[in-house]
Amino acid sequence: MVGGMIPEKVFQQILILGDAWEVFATDYDENQRKVFIRVRETPRLWPAAHCPKCNAQSVAGYDHVPERQWRHLNVCQLESAIVCALPRGRCRECQAVFQVKPPWEGRSKHFTQEFEGFALLLAREMPVSKAGEILGETDQRLWRMLFAHIQAAHAQLSMEEVVWGGADEMNCKKGHHYLTVFVDLLAKRVLFATAGKDATTWEAFATALLAHNGHPKAVTQAAIDMSPAYRKGVAEHFGNATVSFDKFHVVGQVVEAVDEVRRAERTQPERGKLLEKARWLFRKNPENWTAKEGTRWEELAKENLTTGLAYQMRLVFQDIYLVGSAKLARERFQTWCDWVEQAVAPGQLLEPMRKRARMVREHLEGILGHWKAGLTTAYLEGLNSLFSATKRKARGYRSTEHMIAMLYFVAGKLSIPCY
Ligand SMILES: [Zn+2]
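Residues numbered from 1 in each chain as written. Predicted model: local features only at pLDDT ≥ 70, side-chain atom pairs only at ≥ 80, totals over all residues. Heavy atoms only, no water.

Enquirer: Requested: an account of the side chain of Arg 189, with residues and values cited.
Expert: Topologically, Arg 189 is positioned in strand β10 (residues 189–195). Of the side chains with opposite charge, Asp 184 comes closest to the buried, unpaired Arg 189, at an N-O distance of 5.9 Å. Within the structure, Arg 189 has its side chain in polar contact with the backbone oxygen of Gly 412 (distance 3.0 Å). With near-sequence residues (within four places) excluded, Arg 189 lies in contact with Leu 157, Phe 182, Val 183, Asp 184, Tyr 379, Ala 411, Gly 412 and Lys 413. (Helix = DSSP H or I, 4+ residues; strand = E, 2+ residues; numbered from the N terminus. Buried < 20%, exposed > 50% of the residue type's maximum accessible area, 1.4 Å probe, protein only. Lys, Arg positive; Asp, Glu negative; His and termini not counted. Salt bridge = Lys/Arg side-chain N within 4 Å of Asp/Glu carboxyl O. Polar contact = N/O pair within 3.5 Å; in protein donor to acceptor, adjacent residues only side chain to side chain. Contact = heavy atoms within 4.5 Å.)

Enquirer: Run through helix α13 (residues 351–362), naming residues and quoting values.
Expert: Three or four residues apart is the spacing at which side chains of an α-helix point the same way, because the helix has 3.6 residues per turn. With 12 residues, α13 should reach 16 Å at 1.5 Å per residue; the first-to-last C-alpha distance of 17 Å fits that figure. Where α13 is concerned, the buried positions are Pro 352, Met 353, Arg 356, Ala 357, Met 359 and Val 360. The buried residues of α13 occupy an angular sector of 160° when the element is viewed end-on, so they sit on one face. On its buried side, α13 packs onto α8 (247–266), α11 (306–320), α12 (326–343) and α14 (364–372). (Expected span 1.5 Å × (residues − 1). Arc of directions from axis to C-beta.)

Enquirer: Could you give an account of the pattern of salt bridges, with specific residues and numbers?
Expert: Overall, the coordinates contain 27 salt bridges when judged by the stated rule. Between Arg 44 and Asp 19 there is a salt bridge whose closest N-O contact spans 3.4 Å. One end of the pair, Arg 44, is in the loop between β2 (34–41) and α2 (45–48); the other, Asp 19, is in the loop between α1 (7–14) and β1 (21–29), and 25 residues separate them in sequence. Classification of Arg 44 by relative accessible area gives exposed; the value is 55%. Asp 259 is the partner of Arg 263 in a salt bridge, and the nearest nitrogen-oxygen pair spans 2.8 Å. Of the two residues, Arg 263 and Asp 259 both sit in helix α8, four residues apart, roughly one turn of that helix. The class of Arg 263 is partly exposed, set by a relative accessible area of 44%. Several salt bridges converge on common partners, so that one network encompasses Glu 256, Asp 259, Arg 262, Arg 263, Arg 279 and Arg 283.

Enquirer: Describe the pairing of β10, naming the residues involved and giving the relevant values.
Expert: Buried residues dominate β10, accounting for six of its seven residues. Pairing geometry for strand β9 (residues 176–184) and β10, over six bridges, is antiparallel. If you follow Leu 179 over to β10, its bridge partner there is Ala 195. The hairpin formed by β9 and β10 contains four residues between the paired strands, and Lys 188 there has a positive phi angle of roughly 55°. (Pairing = 2+ DSSP bridges.)

Enquirer: Could you give me a rundown of the domain arrangement of the protein, with the residues and numbers involved?
Expert: Segmentation of the protein into domains returns domain 1 (1–105), domain 2 (164–246) and domain 3 (248–372). Computed over C-alpha atoms, the centres of domain 1 and domain 3 are 69 Å apart. (Domains from an automatic or database assignment.)

Enquirer: Explain the packing of aromatic side chains residue by residue, including any values.
Expert: Given two aromatic rings, their pairing is described by the distance between the two centres and the angle made by the two planes. Under the definition given, this model contains 24 aromatic pairs. Between Phe 192 and Phe 205, the aromatic rings sit 6.3 Å apart at their centres with planes inclined by 20°, giving stacked as the arrangement. In this pair, Phe 192 sits in strand β10 while Phe 205 sits in helix α6 (residues 200–211), placing the two residues 13 residues apart along the sequence. The exposure classification of Phe 192 matches that of Phe 205, with both residues buried. An angle of 75° between the planes, with centres 6.0 Å apart, marks the rings of Phe 333 and Trp 371 as edge-to-face. On the criterion of sequence distance, the pair formed by Phe 333 in helix α12 and Trp 371 in helix α14 is long-range, its members being 38 residues apart. Its relative accessible area of 1% is what places Phe 333 among the buried residues. (Phe/Tyr/Trp six-rings, centres within 6.5 Å; stacked < 30°, edge-to-face > 60°.)

If you want it as structure tokens, here you go:
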């Protein structure tokens, strides 16, 4: 071989094994279309080794365990694997016998670190099942590897600086199975998620904060929806936090009210017909209407529908969020409540609107938190699309465990791969 290198030497160099390990053979299996890189320890391994039990740097080779494989990056589009019968060492001081952890091994004992790095890169871009297809690996192995990295990286996450917290519920399966997801509104990251949507989830969050160098008492702002469970949870576990109700959920309540009015009016003999297939028209903002929906609205506006009036109420309500100060917003909310309440007699179609006006009066201080704290809830509003992305990536795996792991992976800003 003139000017060339034997394959063992090439792999020795590209694997960066150091001088404690050597590639002593490489084979190509034509049936499996797979390259095997055979590695063994060198005598230089032992002088540098420490006993895992007593830490003495006095270890001798003892024996070898049966051969194993670690999936590695492809070589010329062929699968490759490192093959090694790992050595066991024995401590001269405490006589402990232990297996050496090979430097190429990833968090999964089936993969090398380089392979894991590539698999994680794919997992960032696509559902785990799709990454599995491309890599020719089972979902189970990939998930196990992902879990290991996420768990290790999340364990290192510092929550020391968390002062503005937010929470939202994530619906994992249709109709049941909820997670409460806690976020840092300043760092714009998911911190913690747990099953359920009751007050005890806040206790779990408080415990997580303490475990990650944070403190519930350091949290001075909590942005939540108006559910009594969350308010109770904050009051019991985050006594220093000023509660604000985020815009997304508050407006969402009024949007729901309009929908309730529409459904009630829909059952009326005369006007019900006019409201057929108008659900989305009334859920959207006018700027999001299609041309067809715009024309439809112009026709409906002539009919004096109660739903039309409710919709106008909603638009005025949303616009309050455009004013610049809490003082002004307070006046506008009060005016809005007066208007709605005067427009409705009990038992009328507009009753759902009146219920929301009462809700606004009762929660006004928290609603004004939007202005007072200068709290940007944009991150909370974006959580819904984040939840969808998370579900897509966990396709086919909707357990609490898979969902939480994927949430941390997608939105935890964790440093992964984590070794
Ligand atoms: Zn020892």
